[in-house]
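Listed below, chain by chain, are the residues.
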Amino acid sequence: MYIEGIKRNILLNPGPATTTDTVKLAQIVPDICPREKDFGDLMRKMRDDLVRIVHGDLKKYTSVMFCGSGTINIDVCLNSLLPAGKRILVINNGAYSTRAVEICQYYGLPHIDLRFPVDERPDLEQVEQILKENPDIALVHTTHNETGTGLLNPIREIGALAHRYG
């Protein structure tokens, strides 16, 4: 579908992705002021939904939203969720996981950089071995969709391993 008067660029680089016309049209709505009750209600609902997605108890947990690129989310999670005396396992097979390693280095966060080729999924047996050998790992970072190569990492399996080893 072509929307008259809207210039369309086709992005051939990794992220952000080109959006469809239906998504573009869905964005054409009246502006809302952040001081309006409707805005506050919308933000509260989105924050509550984020807690629900991870099966959190809204009486015990909340979510905090940050405005920025994907990198800010990596930064905030890594530098604020790591308990003292613990380490981060970065399953590194692409640009975003490499960025996570750099963030760990910048903050001086103890981490393990488990590298795999950028065009291959991580070897789950190696991931499990690292988790077995390092009980001080408290966070596991991987990238779901490495947009530079289009590689989808096995996040369910990695998540199951992370849960298995606490």
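For the structure itself, look to the data block above.
So, a few notes on the structure that sits alongside this text.

Procedures and definitions
- Residues numbered from 1 in each chain as written.
- Predicted model: local features only at pLDDT ≥ 70, side-chain atom pairs only at ≥ 80, totals over all residues.
- Heavy atoms only, no water.
- Helix = DSSP H or I, 4+ residues; strand = E, 2+ residues; numbered from the N terminus.
- Buried < 20%, exposed > 50% of the residue type's maximum accessible area, 1.4 Å probe, protein only.
- Contact = heavy atoms within 4.5 Å.
- Areas by Shrake-Rupley, 256 points an atom, 1.4 Å probe, with all protein chains shown as cover.
- Lys, Arg positive; Asp, Glu negative; His and termini not counted.
- Charge placed at Lys NZ, Arg CZ, Asp CG, Glu CD.
- 1 Å grid on protein atoms, 1.4 Å probe; cavity = no way out; pocket = protein on both sides within 12 Å on 5 of 7 lines; lining within 4 Å.
- Points joined across faces, edges and corners; volume = space filled by probe spheres on them.
- Nonpolar A, V, L, I, M, F, W, Y, C, P; charged D, E, K, R; others polar.
- Pairing = 2+ DSSP bridges.
- Axes fitted to C-alpha atoms, helices over the stretch in contact; angles between N-to-C directions.
- Patch = residues over 30% accessible without salt bridge, like charges linked within 9 Å, V, L, I, M, F, W, Y side chains within 5 Å.
- Salt bridge = Lys/Arg side-chain N within 4 Å of Asp/Glu carboxyl O.

Here the focus is the overall build of the chain. Check the secondary structure of the chain and you find 6 helices and 5 strands. Counting from the amino terminus, helix and strand elements in the chain follow one another as α-α-α-β-α-β-α-β-β-β-α. Seen through its C-alpha atoms, the chain measures out along the principal axes to roughly 55 × 40 × 30 Å. Counting every position in the chain, which comprises 166 residues, the buried fraction comes to 25%. Long-range pairs, those at least 24 residues apart, make up 55% of the contacts in the chain with a sequence separation of at least 6. About 11600 Å² of surface is accessible on the chain, with carbon and sulfur atoms providing 57% of the total. Here the chain holds 19 positive side-chain charges and 21 negative ones, and the gap between their average locations is 6 Å.

What follows is about the environment of Leu 58. When you line up the elements, Leu 58 lands in the loop between helix H2 (37-53) and helix H3 (70-81). Given the relative accessible area of 34%, Leu 58 is considered partly exposed. Along the chain, Leu 58 and Leu 81 lie 23 residues apart, while their C-alpha atoms are 19 Å from each other. Among residues more than four places away in sequence, those in contact with Leu 58 are Asp 48, Val 51 and Arg 52.

Remark: the empty space left among the atoms is shown by a probe the size of a water molecule rolled over them. Of the voids in this model, the largest pocket is the one considered here, and its volume is about 1100 Å³. Elements represented by at least two residues in the lining of the largest pocket include exactly H2, H3, strand E3 (137-141) and helix H6 (155-164). Class assignment for the residues of the lining of the largest pocket results in 19 nonpolar, 11 polar and no charged. When its volume is computed, the second largest pocket comes out at roughly 370 Å³. Around the second largest pocket, the lining residues are Gly 70, Asn 73, Ile 74, Cys 77, Leu 78, Leu 81, Ala 138, Leu 139, Val 140, His 141 and Thr 142. Elements with a minimum of two residues in the lining of the second largest pocket: H3 and E3. Sort the elements by how many residues they give to the lining of the second largest pocket and H3 lands first, with 6 residues. Across the lining of the second largest pocket, the residue classes break down as 7 nonpolar, 4 polar and no charged.

Time to look at the side chain of Ser 97. Turning to its location among the elements, Ser 97 is positioned in helix H4 (residues 95-107). On the basis of relative accessibility, which here comes to 0%, the residue Ser 97 falls in the buried class.

Overall, parallel pairing links the 3 strands, which are arranged E2-E1-E3 in an open sheet. In the strand order of this sheet, the two ends are held by strand E2 (111-115) and E3, each with one partner. On average, adjacent strands in this sheet sit at an angle of 20 degrees to one another, irrespective of strand direction. Bridge analysis of strand E1 (residues 87-92) against E2 gives 5 bridges, and the strand direction is parallel. Looking across to E2, one finds that Val 90 is bridged to Asp 113.

Once that is clear, we can look at a nonpolar patch on the surface. Where nonpolar side chains cluster on the molecular surface, the patch consists of Leu 42, Met 46, Leu 50, Ile 53, Val 54 and Met 65 and spans about 530 Å² of accessible area. In this fold, Met 65 is placed in the loop between H2 and H3. Residue class for Met 65 comes out partly exposed when judged on its relative accessible area of 30%.

On to the pattern of salt bridges, then. Evaluation of the coordinates by the stated rule reveals 7 salt bridges. Asp 113 is paired through a salt bridge with Arg 115; the nearest N and O atoms lie 3.0 Å apart. In this structure Asp 113 comes out as partly exposed when scored by relative accessible area, which is 26%. Exposure remark for Arg 115: the relative accessible area of 57% places this residue in the exposed category. The residue Glu 128 makes a salt bridge to Arg 164 at a minimum N-O spacing of 3.1 Å. Highlighted residues: Glu 128 in helix H5 (residues 124-133) and Arg 164 in helix H6, separated in sequence by 36 residues. Members of the salt-bridge network, linked through shared partners, are Lys 37, Asp 41 and Arg 44.

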